[in-house]
Amino acid sequence: MQELLQKIHEIVGDNGLIADERVSQRSNDSWGQGSCPAVAIVRPTTTEEVSQVMALCHAAGQTVVPHGGLTGLALGAQCKPGDLVLSLERMNQIERLDTKGATVTVQAGVVIEELQNRAAAEDLLFAVDWGARGSAQVGGMLAANAGGNKVVKYGMARAQVLGLEVVLADGRVMSNMRETIKDNSGYDLKQLFIGSEGTLGIITRAVLRLWPSAPARQTALVACNDFDSVLELLNCLKQTLEGKLSAFEALWSSFYNFMTTETGRNKEFIKADYPYYVLVESECVDAERGREQFLEVLGELLEQEVIVDAVIAETNQQAADLWAMRDDIDAMVENLSPLIAYDISLPLRDMEEYTRRVNEMLAEKYSSHTCLTFGHLGDGNIHFCVGPVDDKPAVDKLVYSLLQEYGGSVSAEHGVGLGRKNYLHYCRSEVEVEMMRAMKRAFDPTGILNPGKIIDL
Ligand SMILES: Cc1cc2nc3c(=O)[nH]c(=O)nc-3n(C[C@H](O)[C@H](O)[C@H](O)COP(=O)(O)OP(=O)(O)OC[C@H]3O[C@@H](n4cnc5c(N)ncnc54)[C@H](O)[C@@H]3O)c2cc1C
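The rules behind these values
- Residues numbered from 1 in each chain as written.
- Predicted model: local features only at pLDDT ≥ 70, side-chain atom pairs only at ≥ 80, totals over all residues.
- Domains from an automatic or database assignment.
- Contact = placed C-beta atoms within 7 Å.
- Helix = DSSP H or I, 4+ residues; strand = E, 2+ residues; numbered from the N terminus.
- Nonpolar A, V, L, I, M, F, W, Y, C, P; charged D, E, K, R; others polar.
- Near = placed C-beta within 6 Å.
- Core = buried A, V, L, I, M, F, W, Y, C linked by C-beta atoms within 7 Å.
- Buried ≥ 20, exposed ≤ 12 C-beta atoms within 10 Å, placed from the backbone.
- Pairing = 2+ DSSP bridges.
- Axes fitted to C-alpha atoms, helices over the stretch in contact; angles between N-to-C directions.
- Expected span 1.5 Å × (residues − 1).

1. Here we look at the domain arrangement of the protein chain
In step 1: Each assigned domain of the protein chain is listed with its residue range as follows: domain 1 (2–87), domain 2 (94–212), domain 3 (216–325) and domain 4 (330–420).
In step 2: When each unit is reduced to the centre of its C-alpha atoms, the spacing between domain 3 and domain 4 is 23 Å.
In step 3: Counting residues at the interface gives 15 residues for domain 3 and 13 residues for domain 4.
In step 4: Contributing elements (two or more residues each) for the side of domain 3 that touches domain 4: helix 8 (227–240), strand 13 (245–252) and helix 9 (253–262).
In step 5: Grouping the constituent residues of the side of domain 3 that touches domain 4 by class yields eleven nonpolar, two polar and two charged.

Structure representation (structure tokens):
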């Protein structure tokens, strides 16, 4: 190992290699799962350095775990003693922003919020957005195929990628930094790496799409008396807002009550006794016309009793307060630990029945638990947070077995990592898992890249 580290040191220099007590001072994952047990952390600054380091690791059979901002929620970046961490944190350059083509060329370690701000300065929008924007990096976002709050309008991370550069397990560089939407010249290889959670290659650079920025945003929290109304609301807004609907976040009453009363926030936006709430956002270019349309549409929906209450943000601060209530993951972790979090998707038509049945089954088994349900409903994606419960395998089995009945997925957007690996077969067929293994063998024949994540060989 010392010889390998010496050679890596020669490539990346003093700043590029951490091999002392600073390794264990870092966390092993976003849930604060103890300290990092890796043998060292390599911090290259160029694709060429990543390539040389990977070639050495490949020859030595050294396992490598890629690290981005460590905000992933699937235990995908967790490492074991003896692993080498390859952190992209120093590859943090926004190389080029093309305002004419509305593209941006970035290194993998660029932090999402920085990218968003840089695009905004040019009146453009980088459209993937979620609560961990201040820490998550481009490479981690792409490796996890993150979704977030704006998928209903712009799609997931995958949909933003025009070009990608990846260092393969043996050090070869697969570069396809195209800046055009269309390229049907054979297999779209880049898509294999997006969502592969660091198991097939190290993402080093990307060309990403930008969108015209929407200078004005309308935000409202509305209440519905039943789930059918929530779905009707979604379909009405998609139609009547003419493509401007940019977020549709459903909050079950359990979630809303918890966030507005039991977290110390103590700020009730609207009455707390409705069964469902929806945080709705619409983006528009003309603030005045956009607001008029938004108010008119919500007014009609109130009249039709599709919604039964609403608060419309008058200022940016009020909108930020609503989002802060939706995004306060820390409050759940602080109040409900040991907490088990789920990130599932299933057809909208089955969602009410599924969530009701899960809640009933949990209530029968764990009398003192809390189950908070919320999520990106516009994308068929909901999250459960169950706690305090110290019985993860049993709760997992209950949640996922029932989900299988409805043809749902055990991971809508957070990935599989170590956390959901044992449940992959609940939503992927044997043939699919075998094809995943074949891909892993093809790209990483010696199994050094993020071993044990998603699938076992
Ligand atoms: C408060 C909070 C809210 C969140 N909300 C959402 C949400 O709404 N939607 C959503 O989709 N996710 C959400 N997440 C999850 C998380 O932010 C995303 O998964 C994010 O994309 C991970 O980026 P990261 O840079 O932190 O990656 P990390 O956590 O460091 O890594 C994630 C995975 O990618 C691999 N990886 C990292 N960098 C690279 C690279 N350059 N090349 C290859 N593999 C790499 C790692 O090995 C790991 O398997 C949330 C997380 C938090 C903490």
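2. Concerning the site of the ligand
In step 1: Neighbouring residues of the ligand: 37 residues in total, closest G68, G72, G76, G139 and G140.
In step 2: For the shell around the ligand, the secondary-structure elements that each account for two or more residues are strand 3 (64–67), helix 5 (138–144) and strand 10 (202–209).
In step 3: Counting residues per element, the shell around the ligand draws most heavily on helix 5, which supplies five residues.
In step 4: Of the residues that constitute the shell around the ligand, the class distribution is 17 nonpolar, 17 polar and three charged.

3. Some points on the environment of N235
In step 1: Assignment of secondary structure puts N235 in helix 8.
In step 2: The spacing of N235 and L200 is 35 residues in sequence and 38 Å in space, taken between C-alpha atoms.

4. Observations concerning the nonpolar core
In step 1: Counting residues in hydrophobic clusters, the biggest one holds 125 residues, and the most contacted among them are V222 and V278.
In step 2: With residues up to four places along the chain from it excluded, the contact list for V278 reads V222, C224, V230, L233, F248, E249 and A250.
In step 3: Grouped together as the second largest cluster of nonpolar side chains are five residues, L73, A74, L75 and V416 included.

5. As for the sheet that holds strand 5 (residues 94–98)
In step 1: Strand order in this open sheet of five strands is 5-6-10-8-9, and the pairing throughout is antiparallel. For this open sheet the edge positions go to strand 5 and strand 9 (173–176), each flanked by a neighbour on one side alone. Within this sheet the neighbouring strands show an average axis-to-axis angle of 10°, counted without direction.
In step 2: Both strand 5 and strand 6 (residues 103–107) contribute to a ladder of four bridges, which runs antiparallel. Note on strand 6: the bridge partner recorded for I94 is V106.

6. Comments concerning unusual backbone geometry
In step 1: Cis geometry marks the peptide bond from S337 to P338; its omega dihedral reads -5°.
In step 2: Of note, the bond from G387 into P388 is cis; its omega dihedral lies within 30 degrees of zero at -10°.
In step 3: Following the sequence through the fold, P388 ends up in the loop between strand 18 (381–387) and helix 14 (392–405).
In step 4: We note that I454 has phi near 65°; this positive angle belongs to a residue other than glycine.
In step 5: By secondary structure assignment, the location of I454 is in the segment after helix 15 (430–443).
In step 6: For I454, a count of 25 C-beta atoms within 10 Å puts it in the buried group.

7. Considerations on the pairing of strand 18
In step 1: In terms of burial, strand 18 is largely enclosed, as seven of its seven residues are buried.
In step 2: Burial along strand 18 is two-sided: N381, H383, C385 and G387 and I382, F384 and V386, pointing in opposite directions, are all buried.
In step 3: Note that strand 16 (residues 340–345) and strand 18 share six bridges and pair antiparallel. If you follow I344 over to strand 18, its bridge partner there is I382.
In step 4: In this structure, strand 17 (residues 370–375) lies alongside strand 18, joined through five bridges in antiparallel fashion. By the bridge assignment, C371 is partnered in strand 18 with V386.

8. Structural notes on helix 3 (residues 47–60)
In step 1: In this model helix 3 runs 20 Å from its N-terminal to its C-terminal C-alpha over 14 residues, within 8% of the 20 Å that 1.5 Å per residue would give.
In step 2: Where helix 3 terminates, the next one or two residues include G61, which has phi positive at roughly 65°.

9. Considerations on the sheet that holds strand 18
In step 1: Spatially, 15-12-14-13-17-18-16 is the arrangement adopted by the seven strands of the open sheet, whose pairing is antiparallel. Strands at the two margins of the open sheet, each flanked by one partner only, are strand 15 (309–312) and strand 16. Averaged over all adjacent pairs, the angle separating strand axes in this sheet is 15°, with direction ignored.
In step 2: Here strand 13 pairs with strand 17 via two bridges, running antiparallel. Along strand 17, the bridge assignment pairs A250 with G375.

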